[in-house]
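The primary structure of each chain is shown beneath.
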Amino acid sequence: MIETSHLSKVYGRGIYALRDVSVVIEKGEFVFLTGPSGAGKSTLLRLLLRQETPSEGSVTVAGRDLARLSLSQAQTYRRGLGFVFQDFKLIQSKTVLDNVGLVPRVLGATSVQQQRRTFQVLKWLGLQHRMNAFPLELSGGEQQRVAIARALVNEPSLILADEPTGNLDPDLSLEIMNLFRDINARGTTVLVATHDRELMRHVGRRTLTLDHGRLVETR
Amino acid sequence: MVIHWFTYCLDEAFGSLWRQRGSVAFSVLTIAAALLVLGGFLLVTENLDRAVSKWSAAAEFSIYLRDDISQDQRVSLNALLSAHPVVASREYVSKADAAQRFKRDFPDLAAGLLDLPQNPLPASIEVRVHPRRAGAAAVEAFARELQQAPGVADVRFDRRWLERLGGIATGLRWAGWMLGGVLIAAAVLTVATVVRLALHARRDEVDIMQLMGAPISLLRGPLVFEGLLQGGLGALVALAVLYPVYVIVRQQFATALGPALDLALVGFLPPGISVLLVLGGMGVGCAGGFVAARHVR
């Protein structure tokens, strides 16, 4: 599913955010990406989201070399991804329903399809009773579940999550991680960047450890 | 897909216009001011053109005959006038009639005329031109043709003042385009700035949509539509201001100049030009929207 080969990303005056990283993540895998702050976790996710392009080496997702994608091809590629961020990245002026429904809407689904898919995923995540609420009216855990609903609504083959539990208490973090496990059980490849060792131990999946931009451990 | 794109862009553009209504009002007024100036100039020049055209077509001209004109020449000249479609009517003024008129119109000078051994005034034919069938160019061409006819001493078709009026109209039109052009450039920049402000206000939303893989046309489209709507609104405001100003000025003229001015000649911008002004406003707004949309990559 994901393959990086001697992948490096250099910023500014020769500062390596990632250096010579080669990993393979199989389809349907659940993988943690960990390491201290500044280790390069977010950089790798940005490269996978095609927000950045590699300085050296290559990154391939589902057979597509991301560096070679044009602007419109990159947009097409992103439609097959789901993303979840620490700060939720919800649109404050839109309701839960509209935030989640925005994905099928921008991808051209009919109004009926849009409502059906949005409601299904909100129901699965237990948010159907909050669908007319605005993000600021929700708790942190609820906001993150909305973000996950948005990531799932388009049935992506890959979910990328950058510190999805960073703003949540331990119980909610566990709840969110269990959600990711359920999502993975349905066949979706999940890559979660986190530095919460307790959670990783609890979920117990393969872990890639980065430090100073280098891949230092695979367990 | 196109309908989806269109409705999405329109929805988002209307929403954004409403959210940013303060700055949008400023932008709409800037466009309205630019188009008001341009529309005002067009209104004046359009009316001048109309007047020049009508006066040119409705003009009379005089054919002065040589004293030694033969009967055959007179017959062929009459045949020429009868056959030509621009001629509405004609009146023969003999040398004696011309003297009578002179005495009537210039009584102080009449004594001098009577002292002369021979009546110096030529016989003439006064021709009235058919206003609907005759363009200015056709009348002028016919006058030139008559000038060459045997037995004709001169043809008086004084168009100089009409040409001057036409020149003024052209000058005004150019001045309008230049001044309007400068104001339109300013309006494009204003729209671009306002749309960019709206883009900044929606930056998070646009970033999220980019991450979702929204097509670039869906990200840029609402910004272009926003500019388009601002431009259209600005043009409508300009027309809404221009029309009452036109009505008031027309009434003022009617009172001041009374019957001297043929008010039927004075009209508002023709529907075609009004529509073009609105489309132009939309184009101006659209250009501003494009300038702002370039920042979405």
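Going by the structure above, here's the rest.
All figures in this text were calculated on a predicted structure; none of them were measured in a lab.

About the thresholds
One numbering rule holds for all chains: residues counted from 1, following each sequence as written. Here every chain gets a letter starting at A, and every ligand a number starting at 1, in the order they are written. Note on the predicted model: pLDDT of at least 70 is required for a residue's local features to be given, and 80 or more for side-chain atom pairs to be given and counted; whole-chain, interface and lining totals, by contrast, use all residues. Each helix is a run of DSSP H or I of at least 4 residues and each strand a run of E of at least 2, with the numbering of both proceeding from the N terminus. To sort residues by exposure, count the other C-beta atoms lying within 10 Å of each residue's C-beta; 20 or more gives buried, 12 or fewer gives exposed, and values between give partly exposed, all with C-beta atoms placed from the backbone. Two residues form a contact once the distance between their C-beta atoms, set from the backbone, is within 7 Å. For helices, the fitted axis covers only the stretch in contact; all axes are lines through C-alpha atoms, and the angles between them, taken along N-to-C directions, range from 0 to 180 degrees. Working definition: roughly parallel below 35 degrees, roughly antiparallel above 145 degrees, roughly perpendicular at 65 to 115 degrees, and oblique for all remaining angles. Less than a right angle of anticlockwise turn of the near helix away from the far helix marks a crossing as left-handed, whereas a clockwise turn marks it as right-handed. Asp, Glu, Lys and Arg are counted as charged, while Ala, Val, Leu, Ile, Met, Phe, Trp, Tyr, Cys and Pro are counted as nonpolar; the rest, among them Gly, fall into the polar class. A pair of strands counts as paired when DSSP detects no fewer than two bridges linking them.

Asks: Help me understand the overall build of chain B, please; the structure alone is not making it clear to me.
Replies: If you tally the helices and strands in chain B, you get ten helices and four strands. Secondary structure elements of chain B occur, N-terminal to C-terminal, as α-α-β-α-β-α-α-β-α-β-α-α-α-α. Within chain B, buried positions represent 31% of all 297 residues. Sequence separation of 24 or more characterises 91% of the internal contacts of chain B that already satisfy a separation of 6 or more.

Asks: What am I meant to see in the packing of helix α3 (residues 96-106) of chain A against helix α4 (residues 111-124) of chain A here?
Replies: When two helices pack together, you describe them by how their axes are tilted relative to each other and by the distance separating the axes. Residues and elements named next belong to chain A. Contact pair α3 / α4: the axes reach a minimum separation of 9 Å and the direction vectors enclose 125 degrees. On the basis of their axis angle, the class for α3 and α4 is oblique. Two packed elements cross with a definite hand, and for α3 against α4 that hand is right-handed. Contact residues: α3 offers Val96, Leu97, Val100, Gly101, Pro104 and Arg105, while α4 offers Gln113, Gln114, Arg117, Thr118, Val121 and Leu122.

Asks: Would you mind going over the interface of chain B and chain A with me for this structure?
Replies: Quoted interface sizes are often the accessible area lost when the parts come together. At the interface, 14 residues of chain B touch 14 residues of chain A. Those elements that place two or more of their residues in the side of chain B that touches chain A are α1 (2-19), α8 (203-212) and α9 (216-257) of chain B. Here the side of chain B that touches chain A takes six residues from α8 of chain B, the largest share from any one element. For the side of chain B that touches chain A, the per-class residue count stands at ten nonpolar, two polar and two charged.

Asks: Mind showing me how you'd approach the packing of helix α4 (residues 95-105) of chain B against helix α5 (residues 107-115) of chain B here?
Replies: Residue and element names in this part refer to chain B. Packing of α4 against α5 leaves a shortest axis separation of 6 Å and a crossing angle of 140 degrees. Between α4 and α5, the interaxial angle falls into the category oblique. Contacts between α4 and α5 involve Ala99, Phe102 and Lys103 on the former and, on the latter, Pro107, Ala110 and Leu113. Its residues placed into classes, the contact of α4 with α5 shows five nonpolar, no polar and one charged.

Asks: I keep staring at unusual backbone geometry and nothing clicks. Help me out?
Replies: Most peptide bonds are trans, and most residues other than glycine sit at a negative phi. Residues and elements named next belong to chain A. Positive phi, close to 55 degrees, is recorded for aspartate 20, a residue that is not glycine. When you line up the elements, aspartate 20 lands in strand β2 (residues 15-25). The class of aspartate 20 is partly exposed, set by 15 C-beta atoms lying within 10 Å. Positive phi, normally seen in glycine, also occurs at alanine 62, with a value near 50 degrees.

Asks: Would you explain the sheet that holds strand β1 (residues 60-65) of chain B in this entry?
Replies: Adjacent strands of a sheet pair through backbone hydrogen bonds, lying either parallel or antiparallel. Residues and elements named next belong to chain B. Pairing in this open sheet of four strands is antiparallel, and the strands run β2-β3-β1-β4 from one edge to the other. Since the sheet does not close on itself, it has two edges, and those belong to β2 (87-93) and β4 (152-156), each with one partner. Neighbour-to-neighbour, the strand axes of this sheet turn through a mean angle of 20 degrees, independent of strand direction. Of the strand pairs in this sheet, β2 and strand β3 (residues 124-129) are connected by six bridges, and their pairing is antiparallel. Paired with serine 89 across the strands is arginine 128, a residue of β3.

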